[in-house]
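So you can see what is in the structure, the chains are spelled out below.
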Amino acid sequence: MDVDPFMTHRNLLFTVAYEMLGSAADAEDVLQESWLRWAGADQAVVRDPRAYLVRVVTRQALNHLRTLSRRREEYTGQWLPEPLLTSPDVAEDVELAESLSMAMLTVLETLGPAERAVFVLREVFDVPYAEIAAAVDKETAAVRQIAHRAKRHVAARRPRVTVDRTEQQEVLGRFLRAFNTGDLQGLMDVLAPDVVSVADGGGKVRGAARRPIVGAAKLVAYLAGGMEKFGVHPVARPVWVNGGPGAVVEVDGATAAVLSVSVENGRITRIYSIANPDKLERFDAEATVAR
């Protein structure tokens, strides 16, 4: 019995949709809609199922992006992508891991829908320009221009320092030990002086900052004050988040937030904290990504 090409390429299709949308829930919706279109297609005349399915998923994701952009304009506080629990193996594909990182996904949010689609398909999945043109309904020459413009836009905003995973894990480990033991000086030592912390509580989480916190001293004071004010004693444990070292923060055994960090020169320069409960519903299940 032949395996359905949709199932063969499902992990790839999910990853395409997720990188375009920054939401696993919306990516799954796109896959459902794409499967219905695939099921209703004359599959016998489809010569390249992978290219066909990527095209269908891209078009559905573009439709969702237009709706999501309006929804995010009305979002309470900072919007961050829905985190993915990933296996350590994902980190071994450096390009895939970088494209999935919170740092990269937040940069992709600054692109328009067509630019984002073209960038993701070309730079992450190496899709030929002609196939991208068919997916986004534009001429090939126009797609080349969009790709060049999007690549330049992303290059100006993406992290410039590449840090190996071992160093990231070591720095994150120091942060978690200090966090879990209430070692304020230890936190100060592992945070860059100009660290930026961005939290996404979606307006639903008590104590989640609605604006970025800049500076190690301010962030440590905020963390210490929040624990004292709300009488909570969170515990953080390391996990792999979006292809890189991250952490789950638990309060009384329940997941309260997922953290992703950026590291430069042995210190944490950026912390992404996703606490919106709607974005944590699927985090206990490992996401299977591919390219």
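Before going into details, it helps to say that this report is about the structure given with it. Here the residue numbers are simple positions, counted from 1 along each chain's written sequence. Side-chain atom pairs in this predicted model are given and counted only at pLDDT of 80 or more, local residue features only at pLDDT of at least 70, and totals for whole chains, interfaces and linings cover all residues. As a convention, hydrogens and water are excluded, and side-chain values are obtained from all of the structure's heavy atoms.

### Things to note about the side chain of Asn242
Move 1: Mapped onto the elements, Asn242 comes out in the loop between strand E3 (235-241) and strand E4 (244-251).
Move 2: We call a residue buried when its accessible area falls under 20% of the maximum for its residue type, exposed when it is over 50%, and partly exposed in between, using a 1.4 Å probe and counting protein chains only. Judged by its relative accessible area of 1%, Asn242 is buried.
Move 3: A 3.5 Å cut-off defines polar contacts: any pair of N or O atoms within that distance qualifies, except that in protein one atom must be a possible hydrogen donor and the other a possible acceptor, and neighbouring residues in sequence count only when both atoms are side-chain atoms. Only 2.9 Å separates the side chain of Asn242 from the side chain of Tyr18, close enough to count as a polar contact.
Move 4: Residues are treated as being in contact if the distance between any of their heavy atoms lies within 4.5 Å. Discounting chain neighbours no more than four positions away, the residues touching Asn242 are Tyr18, Pro83, Leu84, Thr86, Ala97, Leu100, Ser101, Met102 and Leu105. By definition, any uninterrupted DSSP run of H or I lasting at least four residues is a helix, any uninterrupted run of E lasting at least two residues is a strand, and each is numbered from the N terminus.

### Observations concerning helix H2 (residues 10-21)
Move 1: Helix span, expected: 1.5 Å multiplied by one less than the number of residues in the helix. Counted at 1.5 Å a residue, the expected span for H2 with its twelve residues is 16 Å, and the 16 Å between its end C-alpha atoms agrees.
Move 2: Across the twelve residues that make up H2, a large majority, ten, are buried.
Move 3: Every buried residue of H2 is listed here: Leu12, Leu13, Phe14, Thr15, Val16, Ala17, Tyr18, Glu19, Met20 and Leu21.
Move 4: Residues of H2 that are buried in the fold lie against helix H1 (5-8), helix H3 (24-39), helix H4 (49-73), helix H5 (94-100), helix H6 (102-108) and helix H7 (113-124).
Move 5: Following H2 by one or two positions, Gly22 adopts a phi angle in the positive range, close to 70°.

### Remarks on unusual backbone geometry
Move 1: One non-glycine residue, Asp126, adopts positive backbone phi at about 55°.
Move 2: Turning to its location among the elements, Asp126 is positioned in the loop between H7 and helix H8 (129-136).
Move 3: In this structure Asp126 comes out as exposed when scored by relative accessible area, which is 56%.
Move 4: Within the chain, Asp252 stands out as a residue other than glycine whose phi angle is a positive 55°.
Move 5: Mapped onto the elements, Asp252 comes out in the loop between E4 and strand E5 (254-264).
Move 6: Residue Asp252 is classed as exposed on the basis of its relative accessible area of 80%.

### Digging into the sheet that holds strand E6 (residues 267-274)
Move 1: Two strands make a pair as long as DSSP finds a minimum of two bridges between them. With mixed pairing, the six strands of this open sheet are ordered in space as E2-E1-E6-E5-E4-E3. Each edge of the open sheet is held by one strand with a lone partner, namely strand E2 (213-214) and E3.
Move 2: The pairing of E4 with E5 spans six bridges and is classified as antiparallel. Each residue of the ladder has a partner; that of Val251, found in E5, is Ala254.

### So, the packing of H2 against H7
Move 1: Fitting a line to C-alpha atoms yields each axis, with helices limited to the stretch in contact; the angle taken between N-to-C directions then spans 0 to 180 degrees. For the pair H2 and H7, interaxial distance at closest approach is 9 Å and the crossing angle is 135°. When the axes of H2 and H7 are compared, the pair comes out oblique. Crossing hand, H2 versus H7: right-handed. Here H2 contributes Val16, Glu19, Met20 and Leu21 to the contact with H7, which in turn contributes Arg116, Ala117, Val120, Leu121 and Val124.
Move 2: Here the contact of H2 with H7 is composed, by residue class, of seven nonpolar, no polar and two charged. Working rule for angles: under 35 degrees goes down as roughly parallel, over 145 as roughly antiparallel, 65 to 115 as roughly perpendicular, anything else as oblique. Less than a right angle of anticlockwise turn of the near helix away from the far helix marks a crossing as left-handed, whereas a clockwise turn marks it as right-handed. When residues are grouped by polarity, Ala, Val, Leu, Ile, Met, Phe, Trp, Tyr, Cys and Pro land in nonpolar, Asp, Glu, Lys and Arg in charged, and all others, Gly among them, in polar.

### Comments concerning the nonpolar core
Move 1: Ranked by size, the top nonpolar core spans 51 residues in total, and within it Phe14, Tyr18, Met20, Leu84 and Leu108 carry the most contacts.
Move 2: Secondary-structure elements contributing two or more residues to this core are H2, H3, H4, H5, H6, H7, H8 and helix H9 (140-155).
Move 3: Among the elements that line this core, the one with the most residues is H2, at eight residues.
Move 4: Ignoring any residue separated from it by four or fewer positions in sequence, one finds Leu84 in contact with Phe14, Tyr18, Ala24, Leu100, Trp240, Val241, Asn242, Phe283, Ala287 and Val289.
Move 5: Grouped together as the second largest cluster of nonpolar side chains are 26 residues, Leu176, Phe179, Ala236 and Leu259 included. Definition used in this section: a nonpolar core is a set of buried Ala, Val, Leu, Ile, Met, Phe, Trp, Tyr and Cys residues joined via side-chain atoms within 4.5 Å.

### Section: the pattern of salt bridges
Move 1: The term salt bridge refers to a pairing of a side-chain nitrogen on Lys or Arg with a carboxyl oxygen on Asp or Glu at a separation within 4 Å. Evaluated as defined, the whole model comprises 14 salt bridges.
Move 2: Across the pair Arg282 and Glu82 runs a salt bridge, and its minimum N-O distance is 3.1 Å. Of the two residues, Arg282 sits in the segment after E6 while Glu82 sits in the loop between H4 and H5, which places them 200 residues apart along the sequence.
Move 3: Given the relative accessible area of 4%, Glu82 is considered buried.
Move 4: Between Arg282 and Glu281 there is a salt bridge, and its shortest N-O distance comes to 4.0 Å.

### A word on the environment of Ala275
Move 1: Counting through the fold element by element, Ala275 comes out in the segment after E6.
Move 2: When its relative accessible area of 11% is taken as the criterion, Ala275 is described as buried.
Move 3: Taking the C-alpha atoms as reference points, Ala275 and Leu80, separated by 195 residues in sequence, lie 9.7 Å from one another.
Move 4: Apart from the residues lying within four places of it in its own chain, the contact partners of Ala275 are Asp200, Gly201, Val205, Ala256, Ala257 and Leu280.

Nothing here speaks to function; it is geometry throughout.
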